[in-house]
Each structure stands twice: as structure tokens, then as C-alpha cells.
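Working through the structure, step by step
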Amino acid sequence: MTGGDALMRSARRVWLPTWPLWTLLIFGSLAVLRLAPADYRAAAAAPILFMAPGSLTVGAAFGARHGPKGAVFVCLAALLGAAWAVFASLALYALNIRITPDSTFRCLLIVSAALAIVAQARLLFERPARGRRAVRRHETVDTDLSDTEIRAVGVPVAANRTPFYSLAAVAAGIGLLAGGVFAYDHLSHPAPVGYTWMAWTGKPIKGTMSVSGGTELHFEIVHHQSGSTTFHLAAEWFGKATQPLAKPLTFSMGQNQTFQGTLYVPALPTGCIHRIYRIVMTLTASHQTDPLTKKPQTWSIDADVQDQKTMACPPSRPGHHGRHKVHTT
Amino acid sequence: LTASASQPRLDSAAPRQPLVTQHRSWQIYLLTAAFAGSQLAGVAAVVQAYHVAQTTLSNESEFAWFWAGMLLIELPIAGLIVRRATPRPMRPALLLLLGLVTYLPKLLRSPAGPVYHDEFAHWRATYEILSTGRLFEPNPIIPIISRYPGLHAATAALVNATGLTIWQAATLLLILFHVAMVIGIAALAQSLGLDNRTAALAAVFYGLNSSFLYFDTEFAYESMAITLLVWVLVGFVRAIRAQSGREKAAWGVLAVALSAATVATHHLSAITLVLIMVLVSVAVSVPQLARGEGWVKGVITAWSLTLVTTAMAGAWFYFVAPGTLSYLSPYPAQSLQELTQAIRGSGSVRQLFGTSLSPWWEDKSAYLVPVFAVGLAIVGLLVLRAWIKSGRLTRGRRRALMFAFALVGLAYFPSTIFILAPSGAEGARRSWAFLWIGLCMLFGPAAVWLVDWTARQTSLRARASLRLGLFAALAIALIGGVAAGVDASYRFPGPFLYGSDSRSVTPELLGTSEWFSAHLGTGNNVVTDRNTGLIFGSFGLQNLAVPSAGFPAYNLYLVRQGAQLYPPYLQFELSGSGYHYLIVDGRMAYEVPESGVYFERNEPSFMVGSGGRVFRVPLAEFTMVPWMLRAFQSDNYSIYRLELPIQNSKVGYQPKVPKERGRLVITR
């Protein structure tokens, strides 16, 4: 017997009679695993999270008797583990406890401990008799069994090479998946389609802004296009006949450049008459056509302004001037 | 084995292996190398398919690469499984490999984040659990999913335990469910008494159903629930057939635990599970079918488990998810009505593959799938009949169970008619993933009989050509099954496709949503179209309006300068519910969405009918609408602040504008 074989045999001797307790201990190690680096933590924690409560459930259900084996056992245990994660969340919700990493772990630990106790107890009290003195129970073959099942009765499951083939298949499958994704990731991909945007910045504009002796409106232009583009920026008073509000600007923007801008709005001339005016800022790209409209590509943003009511102003008549209080938030 | 026996013989006097054994071992090495080579080449071809799809304009080469790859992957696995000489323990291993490798197409489709419509909704639901620590938080994209938190809770638990991102955890879980599904079908077939070879082949045939490669691998509740359902059936069947009371109890407990998880995960799976369990229980209760040793105990077990599952599902629908019935009920009635109208000549049926981007041979293969299924099902039924006659399927629980699962499978054929009804097509397609569970229990025995029959042919040529024919049929069924499922835009990456659920997310849309969240905060109530809403409702963490005939929020897109918002109550509903933002994708005025829907399925037909022209003038006039303020504009997206209800003072602007001048300053 080699040293490796001896070690395996001793490990089996320690593991088999008390596996539920060992499994519980492994599940408990999730608390320690949280301190591990993220990459290692995921690789160790994911199988523990699903396999430990699930295999304990199978153990608690079947005891020392023949339960599912091999791939069926692994799949069943993993799915039961996922089911326990669902039940734990539902239990926490029902108990009005916030679902957090800690609360979920504690809840699953309690469940696993209960299952481990049942599984261990069944293992202790239902252990089949061994040795020459053990009386072999007479087993009748159920007439409902198929030919295959009748042939399988009494065939030791461990006498095959299932674990080797299955482990090799899982390793190969994971390798192919990882290799496929790696290869795809390292192939050339088309560059993302670029775009440009313009928006107000600062406090969000809500409703009409009051203008008392003028105001400043801040905006941002972001250019996520390849290459440099020349833009023309204009601010206008919008109405039946639009009027320029400020002297237009022409400037160039390179790839992934961001420009901050400020529009200084002058004091409105009308004093106590609460008129609302719309300001429209328009950005136009030179030599760039909108593929849908076939017109020059433009971007625009609007703001409504009105003069602020002062103490000296007479109260406005209801229905005449509409909204009185101007809000800028 | 003694210690000496286990030692390898190193002495040179060891007897040489006979020539036949040596030849056989060389054969095995060659077979292994060829198999490994086919798997590697298959994966490489699938990767190439996705690369071609992403980098070139739509043509058929991505489909050719894809199928070359998938056939190189799947046919050798099927061939090894059906091979008589393959060792028994190798078949579960081959199924594990099949389960893992068939996840590759979906993994390449969305390696880094959600892509499909429903995935965004489930991503948001999981995010809500992680951020609020509570279940059942409202979902803005698909409201009903908030009442079925199974998948989200499991994903959140994995995120909490591992520190992975939501998408990484979801992918890990989905791979697990996909592999467990394949093993589950084989386990179910074995629990029905089928041998290892037939059971493994049944699992391969299950992989031909239209949902297997894409729909049931997406991050959505059905992907988890259908796997749970299969394993509930494994436990259910094993409990019914178990000889001892303890074994019955053990399998029964596992079945109940898994069915509880199914109920908490997906409505349709829960309903289907109850229906299958009822059918199985009825079949087991029929004395002419099932009476035999342990029959009464089997009947009691079947009905007990069915009643427990039904009670759990009923309680969930009544107390937790009362909206489920109203969510699901319109479809069957509507589709029946549509079919009746079509038969009477007063209505028209749905045009199959009308807007398909797939090549003709994929579409034609899809029509052959029911033909293939009919053929195999008939052979399967004849095999069962032969088993009954020869005494291999005696009266008892096993016969009743086989009969029940065959009935489940045969329901596939009438369900295919519903694919012609516009309202029933989606339901019919989704039902196939469930119905094929029963169908492949007939396919397995049928395929094994056919393969063994070809082996009995004395002529080598006849044997080879018959086997080639069987593999060709399998390949066509595989191609057709996938083509009958999701659209090509779902399957492959590619250039932007307006209104496509899976190809309409662009860096521009993500950037717009990021700007919105950063400047206006999360949790705003917004009105937008279906595809823009996917990003705003998921990563953007905004709340979306759900337009309907009673709440026609889409009318905002039809507002003209000076005209009233119709119906008049809409402005009060919008302002009362706190809808302050409207997000517009300017392309809607020029293009028809690939999905055929701008906002929701029951939107006015003139929207799509006009080719989007109906929006063109209103969108151009939005700057003149006094109660709308544009705060953001990118190449295609605009964000408007809504000032509702409309104030009289704001209707129209001053005819004269000020002459005062300000100043414009730009800094880098």
C-alpha cells in the first residue's frame, strides 16, 4: 500500500462516520472565508454555500441508507442548497430581518446545524450491521422494477469509475467554456459607436427659474467620438421671432473631451410683469449630418426663466400672471 | 486487492499484451483524441460564429460557423452515448460535458452583463434585494417577477457569500441549473426504469427543444424553476416507486422541498408542475394501468405529494402573488379566440418567421421538428407496446408512470397549433420546454430501438447509411429546434438594431442613463419607450410608467404645440403619480422597432402602422411645448422635464423676446 492510499483510507475512516459534522464545519468556514481575497473566496465559497446545506438535506432525508450517488447526488444537493438560500431569504423576510451577508449566513448555519444533527443521528442509529455475524436481510425483488433495475440490485455503486469520468468531464467542460470565452474576449471587437451630448449641470432645473439681476446657467458638452469635431454653440431667446441671447461660439473637441460651459443670463427688462421666456441652447456640428433627418446634427437644451417678484411689486391678480412663486431647486 | 497485487509490475518479464487488446487500446486512444479534437474544434467554430456576427454585417456565415461548431460538439457526444460499448459510468460524465458545453452559446452572447429583455428585470430584482435587504420590492420592468423572488434570492445569497457581481453569480447559477437540467432528465428517465443508455439519450433529445440553448439559459426565473421542476418529478416518481416507507418518505421530503422552491420561483412552472403531478397521480390511480405490488401505497404517496404541492402553489397565488391569474389568463382565451376566428375565416393567423433574420435552411428545419417528433413518438409508442406485450412493462406503477409521461409529451403536438395565434405563440413556445420532458421519455427508447435495428442490418453499407440518416435527422432537429425558439438577434451579437430587445443597448443609452442617475438621482418616475426603459429601469434604478389603454402615457409622444394632452385626465394622473421626466429616443420617428412594439403590446396599432411617422412632427415641436423642458440631449436621446398639470399661464410664450444680451463661456 502506498503512502497516498493509506492517507486516503485514513481520511475516509475519519470522514465517513461523521461527515455531517465535518460538512457543518466546512459550512461554518464561510465566516472565515470572507477574509480571503475575492478571487479565492468565490472559488471556495460558491460550492460550500450550495453543496453543504444540500448534501446535509440529502443525508438527513436518507440517513445511512442508499441515497442518490454520483452526479445525481451532486445535482440534487446543489439544487437543494439553492432552495435553502431561497427559504432562508423568505424566513428572514417573514421575521422582518434585513437580508444581509451576515443574516443569510446565520440563518443557513442554523438550518445546516439542524440538518447535520438529524443526518448524524441517523448515521449513528441506522448504521447497517457489518461483519460475518450480520444477518443478511432477505430482500424481495419488486415486480414493478424494470430489467435494468433488477440487474442493478446488489451491484455496488462504488465499484465503477463514475467519479473519475465525471470529474474529468467537469474539468473538460469548464476548460472548454473558459477557453471559449477567453478566445472570444481576445479577438478584435468593433469599436463602440461614438456620440456627443449636451446637458445642464448643477442643480436640476425644475420649472421656471427666477432671474433676479441675471443668473448663470451651467452646462456640459461631452464628445465621445473618434477624431476631432468643430462645433458651433448658440444661445437664443425662443419665441415667434428668436433673438440671440449671447454671442455664438465656435470650438473644436477631440475624442473623449468634456467642456464645461456657463451661460450668463441678463436681468429681464420687465420688472414686475412676470413673463416667462424660454432659452434654447443649440450645439451644431460642422460637416456632420444626422443619418435620420439628413440635416446637420444638432443638440439642444432648454430653460424657462422669468423675472423674480420683488417686495416692491404689487400683488398679481389671480389668473392674470399665472404662477407666482418661481422655484429653482 | 492485496498490496502486492496493486503494485504495478515493473519487471521486464511481464507478459506482453495480446495483439487484439493492443489494437483495442489504440482504438480507444484514437477515439478519445478524435472526441477531444471535435470538442475543441466545435468550441472554436462557435467562437468564430460569434466573432463573425459581431464584426461583419448580417450574412449567413455566422449561422454556418455556429452549426458546424454545435454539431461537432453535440453529435460525437450523442454518438458516444448511444454506443453500446461505452462504459455505463461514462454516460453521466458525457451528459455533464454536454450540459456544460451547451451553455457556451449563451455565455458568449452575454459574457459581461444582461442582454435579453427579461434579464434586465431580474438583474434589477436581485439588485433590490442586495440594496434594500428585502424581498418583493416592486419591479419597474416586469411587475409580476417581484412576487416570485426565488431566483433573485438565490443569486443574492451567492453574491453575499462570494463577493461576486450580480452577473457573475447569475452566470454561475445558470450553468449549475443548465447542467442539473440535463442530468435531471436522465435521472427522471432512470427513475422510470429506463436503462442508463436510453436515459442518457433521452437527455440528449431534451436538448433539441426550442428553449434549451437560449431561453432557459437566460437569467430569468424559468431557467431555475424548470430545473427544479424536473428534479421534483425525479423525487415524485422515485417516491411513488420506492419499495420501503423510509425511501418513500426521503424522496417525498426532497420533492416537497424542491416544489416549494419552484412555487416561490416561477408561476408557469408551478402551474405546470401541479398539472403534471395531477396527471401522474390519476394515471397511478387507474387500476387497469397500475395495480400491482405496493399499488395502494404508491397512490397514497402520489396524491399526498400532489396535494401538498397544489396547496403550496394555491397559497402562494392567493396570499403572495394574487396578480398571477390576471397576468396569465388573457393569453389562453385570446389565442383560442384568434384560432377560432382564423378557422372561421374572420381572422388571420400569424406568419411564421415573417421577420426572421435566420437563413432559409434554419427556418425550413424548424418545420421539420414536429415531423421528426411525430416519427420518433410513434416509434416510442410502438416500443412501449412491444414492452407491454413481451412482459417488460408489466401492469404496475412503472407502466402508469410511462403512460402519464407519454401523455405529457404527446400534448406537444396540439400545442404547436397555437404557434399560429399571435397571442398564443409565446405561450406555445414556452410550453415546449415542459412538454418535451415527457416527449423525450418516448424518444429515448425509440432512438435506442432504431440504432439497434440499424446494427442488425447485415450489409455494412446499409448499416452505415442508416446510421448516417439517423445522425442527419438529429442534426436537422437540433437546428430546427433552435430556429423555432428565439430570434437570431437574441442568439447572435451584431450591429445596433432599433427596437430589438437584445441589440438596442448602446454606450450612448448607458451614458444617458448614467447622466440621469448622477444628476437627477435614482427612483424617479419616468415615461419612456420599451427598450430605453430596459436600461433606465435596471442599471438606472428608475421607476417606469407602465402604459396601457387606461393610462396611455405614450400619448405624451404625440403632443403638438398648443394642443391638449389627450385624454385630459392623463396630465393629472402623470403629475399625481409623480411622473416628471420623459425620455425620448428620436429614432422612433423614423424606424419601426424590430420587436414590433414601441411601448407595450396593446399600444395603438397606428404607431407601428405609420412606420413611426406619427411621432415625427410632435417630436420636432417639443421645444415649443411650454410644459416640457429639455435638460439633456445626445445624438438620439432627449430627456425632458415635465411640468404637469399644465398651467394656463404657461400656454404659449411671450410673442416678444427680450433684447438683452448675456454671455457664453466655454472651458475645458
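These notes cover the structure that comes with them.

Calculation criteria
Residues numbered from 1 in each chain as written. Chains lettered and ligands numbered in written order. Predicted model: local features only at pLDDT ≥ 70, side-chain atom pairs only at ≥ 80, totals over all residues. Heavy atoms only, no water. Helix = DSSP H or I, 4+ residues; strand = E, 2+ residues; numbered from the N terminus. Buried < 20%, exposed > 50% of the residue type's maximum accessible area, 1.4 Å probe, protein only. Contact = heavy atoms within 4.5 Å. Areas by Shrake-Rupley, 256 points an atom, 1.4 Å probe, with all protein chains shown as cover. Rg over C-alpha atoms; globule rule 2.2 N^0.38 Å. Lys, Arg positive; Asp, Glu negative; His and termini not counted. Charge placed at Lys NZ, Arg CZ, Asp CG, Glu CD. Patch = residues over 30% accessible without salt bridge, like charges linked within 9 Å, V, L, I, M, F, W, Y side chains within 5 Å. Salt bridge = Lys/Arg side-chain N within 4 Å of Asp/Glu carboxyl O. 1 Å grid on protein atoms, 1.4 Å probe; cavity = no way out; pocket = protein on both sides within 12 Å on 5 of 7 lines; lining within 4 Å. Points joined across faces, edges and corners; volume = space filled by probe spheres on them. Axes fitted to C-alpha atoms, helices over the stretch in contact; angles between N-to-C directions. Parallel < 35°, antiparallel > 145°, perpendicular 65-115°, else oblique. Left-handed = near helix turned anticlockwise from the far one by under 90°. Nonpolar A, V, L, I, M, F, W, Y, C, P; charged D, E, K, R; others polar. Buried area = accessible area lost by both parts, 1.4 Å probe. Polar contact = N/O pair within 3.5 Å; in protein donor to acceptor, adjacent residues only side chain to side chain. Pairing = 2+ DSSP bridges. Core = buried A, V, L, I, M, F, W, Y, C linked by side-chain atoms within 4.5 Å. Expected span 1.5 Å × (residues − 1).

Moving on, we get to the overall build of chain A. Secondary structure summary: chain A contains 8 helices and 9 strands in total. Per-residue burial for chain A yields a buried fraction of 42% across its 329 residues. Counting contacts in chain A only where the partners sit at least 6 residues apart, residues at least 24 apart contribute 66% of the total. Accessible area of chain A: about 17,900 Å², with a carbon and sulfur share of 62%.

As a further point, take the overall build of chain B. Within chain B one finds 27 helices and 6 strands. Here chain B has a C-alpha radius of gyration of 29 Å; the compact-globule value for 668 residues is 26 Å, and the two agree. Within chain B, the proportion of its 668 residues that are buried is 59%. Counted over contacts in chain B with a minimum sequence separation of 6, partners at least 24 positions apart contribute 73%. Summed over its atoms, the accessible surface of chain B is roughly 26,100 Å², and 63% of this surface lies on carbon and sulfur atoms. Of the charged side chains in chain B, 51 are positive and 34 negative, and the gap between their average positions amounts to 12 Å.

Residue and element names in this part refer to chain A. Taken together, the side chains of Val-14, Trp-15, Leu-16, Trp-22, Leu-25 and Ile-26 make up a nonpolar region of the molecular surface, amounting to roughly 560 Å² of accessible area. For the nonpolar patch, the secondary structure elements donating two or more residues are helix 1 (3-15) and helix 2 (19-28). The element best represented in the nonpolar patch is helix 2, accounting for 3 residues. With respect to the helices, strands and loops of the structure, Trp-22 is situated in helix 2.

Here we take up the environment of Tyr-554 of chain B. All names here are of chain B. One can find Tyr-554 in the loop between strand 2 (543-544) and helix 25 (569-576). Once the C-alpha coordinates of Tyr-554 and Glu-603 are considered, the two residues, 49 residues apart in sequence, prove to be 8.1 Å apart. The residues touching Tyr-554, leaving out its near neighbours within four places in the chain, are Pro-547, Ser-548, Ala-549, Phe-599, Glu-600, Asn-602, Glu-603, Pro-604 and Met-607.

Turning our eyes to something else, we now look at the side chain of Ser-166 of chain A. Of note, Ser-166 of chain A is situated in helix 8 (residues 162-185). Residue Ser-166 of chain A is classed as buried on the basis of its relative accessible area, which comes to 10%.

All told, the structure shown has 9 cavities of 30 Å³ or more when counted by the stated rule. A volume near 110 Å³ is recorded for the largest cavity. Lining the largest cavity are Phe-27, Leu-30, Arg-34, Leu-49, Pro-101, Thr-104, Phe-105 and Leu-108 of chain A together with Ala-157, Asn-160 and Ala-161 of chain B. For the lining of the largest cavity, the elements supplying multiple residues, two or more each, are helix 6 (101-125) of chain A together with helix 7 (150-162) of chain B. Looking at the lining of the largest cavity element by element, the count peaks at 4 residues for helix 6 of chain A.

Residues and elements named next belong to chain B. Closest axis-to-axis distance for the helix 12 (residues 267-285)/helix 14 (residues 295-320) pair is 9 Å, and the angle between their directions is 160°. One way to sum up the angle between helix 12 and helix 14 is to call them roughly antiparallel. Here helix 12 and helix 14 pass one another in a crossing that is left-handed. Here His-267, Ala-270, Ile-271, Leu-273, Val-274, Met-277, Val-278, Ser-281, Val-282, Val-284 and Ser-285 of helix 12 come into contact with helix 14, specifically with Trp-295, Gly-298, Val-299, Ala-302, Trp-303, Leu-305, Thr-306, Thr-309, Thr-310, Ala-313 and Phe-317. Looking at the contact of helix 12 with helix 14, its residues break down into 15 nonpolar, 7 polar and no charged.

Our next topic: the interface of chain A and chain B. Listed per partner, the contact involves 132 residues of chain A and 118 residues of chain B. Summing both sides of the interface, chain A and chain B together bury roughly 10,800 Å²; the carbon and sulfur share of this comes to 66%. Linking chain A with chain B are 0 salt bridges, by the criterion used here. Our enumeration of links across chain A and chain B arrives at 27 residue pairs in polar contact (both at pLDDT 80 or more).

Residues and elements named next belong to chain A. Counting buried positions over the 12 residues of strand 9 (residues 296-307) gives 10, a clear majority of the element. Sheet analysis places strand 2 (residues 209-211) next to strand 9, joined by 3 bridges and oriented parallel. Paired with Ser-210 across the bridge in strand 9 is Gln-306. Across 10 bridges, strand 8 (residues 276-289) lies against strand 9 in antiparallel orientation. Within strand 9, the residue paired with Leu-283 across the bridge is Trp-299.

Another point: the nonpolar core. Grouped together as the largest cluster of nonpolar side chains are 264 residues, with contacts concentrated most on Leu-263 and Met-281 of chain A together with Phe-66, Leu-95, Phe-205, Tyr-206 and Trp-231 of chain B. The contact partners of Trp-231 of chain B, leaving out residues within four places of it in the chain, are Val-72, Cys-75, Leu-76 and Leu-79 of chain A together with Ala-180, Ile-183, Gly-184, Ala-187 and Leu-258 of chain B. Listed in part, the 30 residues of the second largest apolar core include Phe-622, Met-628, Leu-644 and Ile-646 of chain B.

As a further point, take helix 23 (residues 507-520) of chain B. Residue and element names in this part refer to chain B. Counted at 1.5 Å a residue, the expected span for helix 23 with its 14 residues is 20 Å, and the 19 Å between its end C-alpha atoms agrees. Within helix 23, burial applies to Glu-508, Leu-509, Gly-511, Thr-512, Ser-513, Trp-515, Phe-516, Ser-517 and Leu-520. Positive backbone phi, at 85°, marks Gly-521, one or two positions downstream of helix 23.

Here we take up the environment of Gln-255 of chain A. Residue and element names in this part refer to chain A. Take Gln-255: it is sitting in the loop between strand 6 (249-253) and strand 7 (257-265). Here Gln-255 falls in the partly exposed class, since its relative accessible area comes to 49%. Each C-alpha atom, one on Gln-255 and one on Phe-73, is 56 Å from the other, the two residues being 182 residues apart in sequence. Beyond its immediate sequence surroundings of up to four residues, Gln-255 is in contact with His-223, Gln-225, Ser-226 and Gly-227.

Take the pattern of salt bridges next. Residues and elements named next belong to chain B. Within the structure shown, the criterion is met by 14 salt bridges over all chains. Notably, a salt bridge pairs Arg-429 with Glu-426, separated by 3.1 Å at the nearest N-O pair. Remark: Glu-426 and Arg-429 occur in helix 20 (residues 425-455); sequence separation between them is 3 residues, near one turn of the helix. Arg-429 sits in the buried class, given a relative accessible area of 9%. Its relative accessible area of 36% is what places Glu-426 among the partly exposed residues. Two residues, Arg-641 and Glu-643, come together in a salt bridge whose shortest N-O distance is 3.0 Å. Note on Arg-641: relative accessible area 9%, which makes it buried. Among the charged side chains, a network of salt bridges with common partners joins Arg-84, Arg-197 and Asp-452.

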